[in-house]
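Chain by chain, the residues:
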Amino acid sequence: MHYSNYKMGVDGGYSGMKSLKGFLLYGAIIGTVIMLVLIYAGVSIGYTRYVTNQTIERAEVMAELTVNSLNQLMNDGWTRQELELFLEGNEKNYKEKNLTVTYYDRQTRKREVVEVFENAKPYNLLDNDSVSYFYPMKMDSQCLTCHSSLQEGEVLGVVKVTEDLTPSKRVGTRDTLLFLLFLLPFPIGGAFLISRILIGRIERSISELQNRIKRINKTDDLKLLEMNNIDLAFEEINLLYSELKKLAKLIRSISVDKDILEFEVKLMEKFIITSEVVKDWKEHVNILLVEINKIMEVHLIFSLFKVDGEDYVLEVFWLHTPEEKTKELLERVIKEKLAKSHLYVENELVNLHISHNIVLPDKRLPDLDEESINFQTKSLFLDTPRIGGIVGIGVSSSFSGDTTRALVVEGILTTLLNVIGSVKAVYKYTKELEYFATRDPLTNLYTQRVFWELLNYEVSRANRHNYKFSVIVIDLDDFKLVNDIYGHLFGDKFLQETSQMIKGCLRNDDILARYGGDEYTIILPYAAQEQAFFVAERILNELKNHTIDSPNNTSVKVSPSIGVAVYPDHADDAKNLFLIADNMMYKAKSLGKSQIGLPSSDDIMEIFKTIKDKNTLILEALEENKIVPYFQPIKDTQTEEIIANEVLMRIDLPEQVMVASDFIEIAESMGIISKLDYMLIEKAFEKVNKENYQGMLFLNLSPKALIVNDFLQNVRKLVEKYRINPQKIVFEITERDTVKNLSMLSKFVLELKHEGFKFAVDDFGSGFSSFQYIKRLPIDYLKIEGDFIRSLPAEEDIDRAIVMSIVTLAQGMGITTIAEFVEDTEVYQLISELGIDYAQGYHVGRPSPKLGVRHPKRT
């Protein structure tokens, strides 16, 4: 450290003051100058007071002498004119001494003089530049001769003596300043010398400490600070060094060298889970073992899974082919470790199945003895299974001389445990999802979405091969009453048994689906009206003659209402065919229930007339702006705040409000759904802007609407017009319309994502398209299919397993989950426990013209 390092430009002084050396140097010089200034000020004040006091004394003496002289002259018979000439004659002499002597007679009316006449006492008068002394001239016996009107002792006149202090002050200030300027170099030089001595001692101490620190290149070098006691000359710096040694010791105890960290990072990079990994988790572990060996030598990885019941599966992954005795030895060592982990029951693991997997079989593994296996095997076992059913993990590696790396290996075992467990769990759940995406979890029948796909396919097949087929719609009469009386658990059992009875009445090629709630649909290939009626009658009789025992030991009967429609006799497309069968089911209910409804020509005409009326009504609603938004709140399950509202479409009629399910399919078939959506969005945005609503809005849009350019441009205009934050808008993509060109949809979604809009997949888990959406599109929210949520309270674990798998999948992809159809407290509690983020349903709030607002959780 040298003084040449300091910049002395505009900021040079400040730069120097930031160092200890500069601080001492500048501090000493500035301190000396300040002391001299203070000394000068003190001396000046003291000198002024001294001069003032001396002046007062001189003025008193001069005033007394003047009065005595005047008395003497008056006694000698001098007249007033002679006395004034006497004072004027002395004026020049007074002036040389900076004095002014003034005589005042009794006619004077000046206030300070009048006070002397009245009090007959002298006094001083001080101002900044002069001192005045007033001295009374009193009457004696000799003065009575001339002044007979006065009495002895009265004041005859007043003598004022004034001395100007300015010359004396000027001389004193000049002499003091010259003296201090003469002395100035000596204290400044002394301060500089002393500061240089102090700086030299500090520089030597800091230089010694700096050299020690420069020798530290790795963690172990911190011992140099701990082991060497350096005398840094000053107690304060030595205390600082003592604390530095403590810090070095602490850092050495908790830090890891860079090469160790790089080693750990490279190892952790091998634990990334991708979509390819999930396809074959064993293959992933094989690849993982090969990759790990590029960083460190690991002979094997083993994992223990808990499967159904009390069974355990031990999977051992060998890098190379081991000898049989090595396998047996390892199995024994692992079992001993398992025994210590409390997984044994009466000293034996229940149903332990061991599987050996060899990654590179062409090369043989060197023999390992029991001591080396015990030493090299690091393992972690849990008392309870984690995700994927995994309860233990272990690796066998050779780090005999490197304790730090051995600690790193032990540290990553937990991560390895989660990775392998997660891969296996996702693999398992994905397989389940692939199955249950097409199946109703309660009855194991096809879902509504699959029914529509198969119905459309059957229409195409019937057209190609020129045959007839039928559709049957079944609704269980008064099922809501069964649920209300006997509870949801019995209601689920009721549906399951009914499903099996209906299935028993069908052929293997017939297609049975649970359309929703207590409604079933059937596709009967190669079946005209006569065959369809025969099947419907068989189902009706089977269900009517069957009873189900309730929890209170009463017998509950099943009563179905059935509707039938035949293609192409009754309709020439899938939607109208189903519409006719559905209307026939409602006709059977209106005729007394537990009947079969077959369409007549009048029925078909009435149904199509109703459809036509609805078409007219929808067109009128569009032309007369009768579309109104309803809002259903969405709640955060953790904070219990209303954080969003889903916008639902309604038609405002004079006598009722028509819900979307009554007209949405017709509007789609008419090709005006985009116009209705646009009208709905504008009214919703207008309300949001007017009420200053700050939450999120979920908007239902079919994929076809998203790829209509004019529609999206209009939505952008509405966002700008009503000052809506795009990040508060969530477009719900539904599967009402299948999008063949998913790449085009992806393009528009990415464009809107770039503008800040968000996206959700509605009814997730009900069809294959949902999985395509989350794979190909940047989805922010998953709205889990309501049937899965509604069935959670049932005793069956399938619904919960499906929901858990969806939650796990969403969490792995960073997607927020929303449960639909949350209709009671029990379901709400279950989804909270399963980790679902948001809830929507009648339990949270019913659709309303009013926006749901935040209600913070009460504490």
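Scroll up a little and you will see the structure.
Predicted model only: the values in this text are computed from it and were never measured. (Residues numbered from 1 in each chain as written. Predicted model: local features only at pLDDT ≥ 70, side-chain atom pairs only at ≥ 80, totals over all residues. Heavy atoms only, no water.)

**Section: the overall build of the chain**
Helix and strand content of the chain: 29 helices and 25 strands. Here the chain holds 859 residues, and 45% of them are scored as buried. Counting only carbon and sulfur atoms, one obtains 51% of the accessible surface of the chain, whose full area is about 46,000 Å². (Helix = DSSP H or I, 4+ residues; strand = E, 2+ residues; numbered from the N terminus. Buried < 20%, exposed > 50% of the residue type's maximum accessible area, 1.4 Å probe, protein only. Areas by Shrake-Rupley, 256 points an atom, 1.4 Å probe, with all protein chains shown as cover.)

**As for the sheet that holds strand S4 (residues 155-164)**
Read across the open sheet, the four strands follow the order S1-S4-S3-S2; overall the sheet is antiparallel. The open sheet has two free edges, formed respectively by strand S1 (99-105) and strand S2 (123-126), since each of these has just one partner strand. When strand polarity is set aside, the average angle formed by the axes of neighbouring strands in this sheet is 20 degrees. Here strand S3 (residues 130-138) runs beside S4; their pairing, made up of nine bridges, is antiparallel. (Pairing = 2+ DSSP bridges. Axes fitted to C-alpha atoms, helices over the stretch in contact; angles between N-to-C directions.)

**A short note on the pairing of strand S17 (residues 627-636)**
Of all 10 residues in S17, 10 are buried, a share of seventy percent or more. Both faces of S17 are covered, namely the face carrying Ile627, Pro629, Phe631, Pro633 and Lys635 and the face carrying Val628, Tyr630, Gln632, Ile634 and Asp636.

**Observations regarding the pattern of salt bridges**
Within the structure shown, the criterion is met by 19 salt bridges. Asp569 is paired through a salt bridge with Lys468; the nearest N and O atoms lie 3.1 Å apart. Taken as a pair, Asp569 in the loop between strand S15 (560-567) and helix H19 (574-590) and Lys468 in the loop between helix H15 (448-465) and strand S10 (469-476) lie far apart in primary sequence, 101 residues in all. Taking relative accessible area as the criterion, Lys468 reaches 36% and is therefore assigned partly exposed. The salt bridge involving Glu820 is made with Lys783; its shortest N-O contact spans 3.8 Å. Highlighted residues: Glu820 in the loop between strand S24 (816-819) and helix H29 (825-833) and Lys783 in strand S23 (residues 781-784), separated in sequence by 37 residues. (Salt bridge = Lys/Arg side-chain N within 4 Å of Asp/Glu carboxyl O.)

**Quick word on the packing of helix H17 (residues 488-504) against helix H18 (residues 529-544)**
Geometry of a packed helix pair, given as the angle between the helix axes and the separation of the axes. Interhelical geometry of H17 versus H18 gives an angle of 140 degrees and a closest axis separation of 9 Å. With respect to each other, H17 and H18 are oriented oblique. You can see that H17 and H18 cross each other, and the crossing is right-handed. Here Thr498, Met501 and Ile502 of H17 come into contact with H18, specifically with Ile539, Glu542 and Leu543. (Parallel < 35°, antiparallel > 145°, perpendicular 65-115°, else oblique. Left-handed = near helix turned anticlockwise from the far one by under 90°. Contact = heavy atoms within 4.5 Å.)

**Digging into the sheet that holds S15**
Ordered in space as S11-S12-S10-S15-S16, the five strands form an open sheet in which the pairing is mixed. What marks the edges here is a single partner per strand, and that holds for strand S11 (511-516) and strand S16 (596-597). The pairing of S11 with strand S12 (residues 519-524) spans five bridges and is antiparallel. Residue pairing in the sheet places Gly516 in a bridge with Glu519 of S12.

**Details of the packing of helix H16 (residues 479-486) against H17**
Remark: H16 packs on H17, axes separated minimally by 7 Å, with the N-to-C direction vectors making an angle of 140 degrees. Judged on the interaxial angle alone, H17 and H16 are oblique. Within the contact between the two elements, H16 uses Phe479, Val482, Asn483 and Tyr486 and H17 uses His488, Phe490, Gly491, Phe494 and Leu495. Classifying every residue of the contact of H16 with H17 by side-chain character gives six nonpolar, three polar and no charged. (Nonpolar A, V, L, I, M, F, W, Y, C, P; charged D, E, K, R; others polar.)

**Quick notes on helix H4 (residues 111-119)**
Among all positions of H4, only Val113, Val116 and Phe117 are buried. Each buried residue of H4 lies within a common arc of 100 degrees when the element is viewed along its axis, so the set occupies one face. Projecting away from the buried face of H4 at angles above 90 degrees are the exposed residues Arg111 and Glu118. For H4, the elements touching its buried residues are S1, S2, S3 and S4. (Arc of directions from axis to C-beta.)

**Some details on the packing of aromatic side chains**
Aromatic ring pairs are defined here through the distance separating the ring centres and the angle between the ring planes. Applying the stated rule across the entire model yields 13 aromatic pairs. Seen from their ring centres, Trp452 and Phe578 are 5.2 Å apart, and the 65 degrees between their planes marks the pair as edge-to-face. Of the two residues, Trp452 sits in helix H15 while Phe578 sits in helix H19, which places them 126 residues apart along the sequence. By the burial criterion, Trp452 is buried, and Phe578 matches it. In textbook terms, an aromatic cluster arises when at least three aromatic residues are bridged by ring pairs, as seen for Phe451, Trp452, Tyr515 and Phe578. Above the plane of the ring of Tyr630 lies Arg650, whose end atom (NZ or CZ) is 5.4 Å from the centre. Stacked on the ring of Tyr842, the Lys or Arg Arg846 has its end atom at 3.9 Å from the ring centre. (Phe/Tyr/Trp six-rings, centres within 6.5 Å; stacked < 30°, edge-to-face > 60°. Lys NZ or Arg CZ within 6 Å of the ring centre and 35° of its normal.)

**A word on the nonpolar core**
Counting residues in hydrophobic clusters, the biggest one holds 73 residues, and the most contacted among them are Phe685, Ile789 and Ile831. In terms of residues, this core owes the most to one element, helix H22 (residues 673-691), which gives eight residues. The residues contacting Ile789, other than those within four sequence positions of it, are Ile784, Val803, Ala819, Glu820, Phe821, Val822, Val827, Ile831 and Ile836. Ile502, Leu512, Val558 and Ile562 belong to the second-largest nonpolar core, a separate cluster that totals 31 residues. (Core = buried A, V, L, I, M, F, W, Y, C linked by side-chain atoms within 4.5 Å.)

Any functional reading would require information that these geometric values do not contain.
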